[in-house]
Structures are given as structure tokens and as C-alpha cells.
Amino acid sequence: MIPASLRGTLIVSCQAPPGDPLDNVDTLRRLAISVVRGGAGGLRANGVKSIEAFRHETHVPIIGIQKRKIGGEVSITPDFAAAKSVSEAGADIIALDCTTNRLAAAEPWSELIRRIQREIRKPVLADIASFEDALAAQEVGADAVATTLYGFTPETAQFRSVNWELVERMVKRLRVPLIVEGHITRPEEVRRALDLGAYAVVVGSAITRPEAITARFVKAIHA
């Protein structure tokens, strides 16, 4: 079960891609401390080292993932070993790619959900990209779904804003909590998602990526 303390909160994703100036565990740890001081109700973290560092600093729930390259493509928590490692590092919730585009080389997400719940005994967050993904994950037994991968699959790659119609549709049909994640850039969008019935909202780049934030300001200058 997803921690009740996350209901109605802002979860901040403290991650940095390889090669980014912020791609440093201590830097990300400091970001995590800062956002928790600002009121974040939870964190989303990638990798054992970051999760361990965050867990040492705070007791707020952590959504843990392990990104791994398989055949040149990134997969989110591709197998049980990855799930177990982030759990042992201190993650309270384990998230994984539950889209129809999950890499064939990764363990099937439906089997992985059941095994995590049975052997690790922690809730699973299904990262999805479509309404159909969400229903399928719920049917298998995911504890919650998140719109994390909307905009990052071949079918949705052209979209770079929240699909509010999709959010409304899922809130009405899902029996498990919906977490809105991806493309949130303004505080009023967080409020809108919660007002529509989302359990919680995850924000990443708009808070923790100064390069992207600066680029938005510079773009406004040259518009």
C-alpha cells in the first residue's frame, strides 16, 4: 500500500542524467535535503547510492528506481535484482516501467510486480504512458500508477505537457492511487492535479534542474 502520508503532497524527483553537472551523489543529497526543508512530502531517486544518501538524511517516503541501459536503451527497474537493490538501499516504494514499450530484454513487468510484492513486500508504482497501460497495471496488482512515461514512448513522444483529459479519465476509472508525474512546470498545475483527484504529484526538472530552468527564462527573452 502506498504510504498515506503521501496523499495530497508534492514529491520531488532528485535525479540528474549522466554527464549533467548535478550528476553527483552529494549534490543530489543536498538537493534532497533542500526540497524536504521546503515541504516536499516525498522523494523520487535513481540508484542505490542516491537512495542510501537520501535515506540517511530524511524519513519521508522515497520512490526508488534503478535505471539501466540494455542494448543502448534505458530501462526503469528492469529486473528483480534492481528492485531488490533499491529496496535494500532504503526505498519505500519501487517504481518500474509498466508500458507496452518496456524493453523485451527486461523482465516482464507483470511478473516483476507480483514478485516484488511477494518477496520484498513493498508497494509497486507502475510508471505508465497511456490509459490502457494504467488499467493493465491495476489489473495485475500495482499499488499505484504514475503518468511518468507519458511523452517518452513512441506513441506519446510528441507531447510535452500534461494530458489533463487523461488524468481526469484515470481518476474516474482507477481503483488505485494515481500519481501525476511529468511536464509539471508551475505550482498551479500541482494544485490542478490534486483538485482533479490525483493522490500526489511528482515534480523534477522544474525544481531541481537549474540548466532547464535557466533555459526557459532565456527562451522568454528571445521569444
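Residues numbered from 1 in each chain as written. Predicted model: local features only at pLDDT ≥ 70, side-chain atom pairs only at ≥ 80, totals over all residues. Heavy atoms only, no water.

## A closer look at the packing of aromatic side chains
Applying the stated rule across the entire model yields 1 aromatic pair. Over the ring of Phe80 we find Arg115; its NZ or CZ atom is 3.8 Å from the centre of that ring. (Phe/Tyr/Trp six-rings, centres within 6.5 Å; stacked < 30°, edge-to-face > 60°. Lys NZ or Arg CZ within 6 Å of the ring centre and 35° of its normal.)

## So, helix 6 (residues 164-173)
What helix 6 keeps buried is the set Trp164, Leu166, Val167 and Met170. All buried residues of helix 6 project into a common sector of 155 degrees when viewed along the axis, lining one side. Exposed positions of helix 6 whose direction lies more than 90 degrees from the buried face are Glu165 and Lys172. Those residues of helix 6 hidden inside the fold are in contact with helix 5 (131-140), strand 9 (178-181) and helix 7 (187-196). Its side-chain oxygen at 3.3 Å from the backbone nitrogen of Glu165, Asn163 defines the N-terminal cap of helix 6. (Buried < 20%, exposed > 50% of the residue type's maximum accessible area, 1.4 Å probe, protein only. Helix = DSSP H or I, 4+ residues; strand = E, 2+ residues; numbered from the N terminus. Arc of directions from axis to C-beta. Contact = heavy atoms within 4.5 Å. Polar contact = N/O pair within 3.5 Å; in protein donor to acceptor, adjacent residues only side chain to side chain.)

## Some details on the pairing of strand 1 (residues 9-13)
Of all 5 residues in strand 1, 4 are buried, a share of seventy percent or more. Here strand 1 runs beside strand 10 (residues 200-203); their pairing, made up of 4 bridges, is parallel. When the sheet's bridge partners are listed, Val12 is paired in strand 10 with Val203. At this point the chain moves from strand 1, through helix 1 (residues 25-37), to the parallel strand 2 (residues 42-46), and the crossover so formed is right-handed. (Pairing = 2+ DSSP bridges. Right-handed = clockwise from strand over helix to strand, strands pointing away.)

## Brief notes about the environment of Arg102
Within the secondary structure layout, Arg102 lies in the loop between strand 6 (93-97) and helix 4 (109-120). Judged by relative accessible area, Arg102 falls into the buried class, the value being 10%. Residues Arg102 and Lys219, spaced 117 residues apart in sequence, show a C-alpha to C-alpha distance of 34 Å. Contact partners of Arg102, with chain neighbours within four places excluded, come to Ser75, Ile76, Thr77, Pro78, Asp79, Leu96, Asp97, Glu107, Pro108, Trp109 and Leu112. Here the side chain of Arg102 touches Thr77 through a polar contact of 2.9 Å, landing on its backbone oxygen. There is a polar contact of 3.0 Å between the side chain of Arg102 and the backbone oxygen of Asp97.

Keep in mind that these numbers describe shape and distance, not what the molecule does.
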